[in-house]
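# An overview of the molecular structure
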Amino acid sequence: MERPSRDEYFMKMAQLAATRSTCLRRKVGAVIVKDSHVLSTGYNGSPRGVSHCEEKGCLRVLMNVPSGTRHELCRGVHAEQNAVTQAAYFGTSVKDATIYTTTFPCSLCAKILINSGIKEIVYDEGYMDDLSKEILGETDIVIRHIDL
């Protein structure tokens, strides 16, 4: 078995984090890394102490809300948001770090990643959010796609 590259290694960690997701529509995982060390991980799911979508159902599914729209109707926290907030919760700065995420960040996550000081986004799967691409395009954040 060949040794995985750093990108493969950290993206596989993000994919593993995604398996913890309680979202009924899309399972996403994220890993924040700096100097080849994991700072934080996250997956999409309900906030701490709140019932999961698996238990309550998905309002966006019931309302036939298209993917990438009406995020305010979702009870879940996105993987990237969870990774950033988990780092903050434990007092760990993510400034100048890289985030590996299984799905390209939505516009909500893009704004959080920009303001948290993330310097690079590495993603596996695309996502339909033109505003996210536009906002990120106005920054110096390096964006890379890797296909595993």
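The structure we're discussing is the one just above.
Rules behind the numbers
Think of each chain on its own: its residues are numbered from 1, step by step along the sequence as written. Selection of residues for local features in this predicted model requires a pLDDT of at least 70, selection of side-chain atom pairs for listing and counting requires 80 or more, and totals for whole chains, interfaces and linings are taken over all residues. Note that water and hydrogens are dropped before the side-chain values are worked out from all heavy atoms of the structure. Secondary structure elements follow DSSP: runs of H or I no shorter than four residues count as helices, runs of E no shorter than two count as strands, and numbering proceeds from the N terminus. Note on method: radius of gyration uses C-alpha positions; expected globular size equals 2.2 Å times residues raised to 0.38. Under the scheme applied here, a residue whose accessible area is under 20% of the maximum for its type counts as buried, over 50% as exposed, and between as partly exposed, the area being computed with a 1.4 Å probe on protein chains only. Pairs of residues are marked as contacts when any of their non-hydrogen atoms sit within 4.5 Å. Under the convention used throughout, the expected extent of a helix is 1.5 Å for every residue step, that is, one less than its residue count. Along the arc lie the directions from the helix axis toward the C-beta atoms. A pair of strands is treated as paired once DSSP finds two or more bridges between them. Interaxial angles span 0 to 180 degrees and are taken between N-to-C directions of axes, which are lines fitted to C-alpha atoms, for helices over the stretch in contact.

### A closer look at the overall build of the protein chain
Helices and strands together make up the secondary structure of the protein chain, namely 6 helices and 5 strands. Across the protein chain, helices and strands are ordered from the amino to the carboxyl terminus as α-β-β-α-α-α-β-α-β-α-β. Over its C-alpha trace the protein chain gives a radius of gyration of 15 Å, about what one expects of a compact globule, namely 15 Å for 148 residues. Per-residue burial for the protein chain yields a buried fraction of 44% across its 148 residues. Look at the contacts in the protein chain between residues 6 or more apart in sequence, and 56% of them connect residues 24 or more apart.

### Some words on helix α1 (residues 6-18)
End to end, α1 covers 18 Å across 13 residues, agreeing with the expected 18 Å (1.5 Å per residue, within 8%). All buried positions along α1 are accounted for by Asp7, Phe10, Met11, Ala14, Ala17 and Ala18. Take α1 and look down its axis: the buried residues cluster within an arc of 105°, on one side only. Contacts from the buried residues of α1 go to β1 (29-34), β2 (37-43), β3 (98-103), β4 (120-125) and β5 (142-145).

### With respect to the sheet that holds β3
Paired through their backbone hydrogen bonds, the strands of a sheet run either parallel or antiparallel. Pairing is mixed in the open sheet, where 5 strands are placed in the order β2-β1-β3-β4-β5. The sheet is open, and its two borders are formed by β2 and β5, each paired with just one other strand. Averaged over all neighbouring strand pairs, the angle between strand axes comes to 20°, with direction disregarded. Looking at chain direction, β1 and β3 are connected through 4 bridges and run antiparallel. Bridging across to β3, alanine 30 finds its partner in threonine 101.

### Section: the side chain of asparagine 82
With respect to the secondary-structure elements, asparagine 82 resides in helix α4 (residues 79-89). Among all residues touching asparagine 82, those that are not within four sequence positions of it are Thr41, Gly42, Tyr43, Gly45 and Val77.

### Observations concerning unusual backbone geometry
The bulk of non-glycine residues show a negative phi, and the bulk of peptide bonds are trans. A positive phi is found at serine 36, a non-glycine position, where the angle reads about 65°. Judged by its relative accessible area of 37%, serine 36 falls in the partly exposed class. A positive phi angle, near 55°, is found at asparagine 64, a position not held by glycine. Mapping asparagine 64 onto the fold places it in the loop between α3 (59-62) and α4. A relative accessible area of 67% means that asparagine 64 is categorised as exposed.

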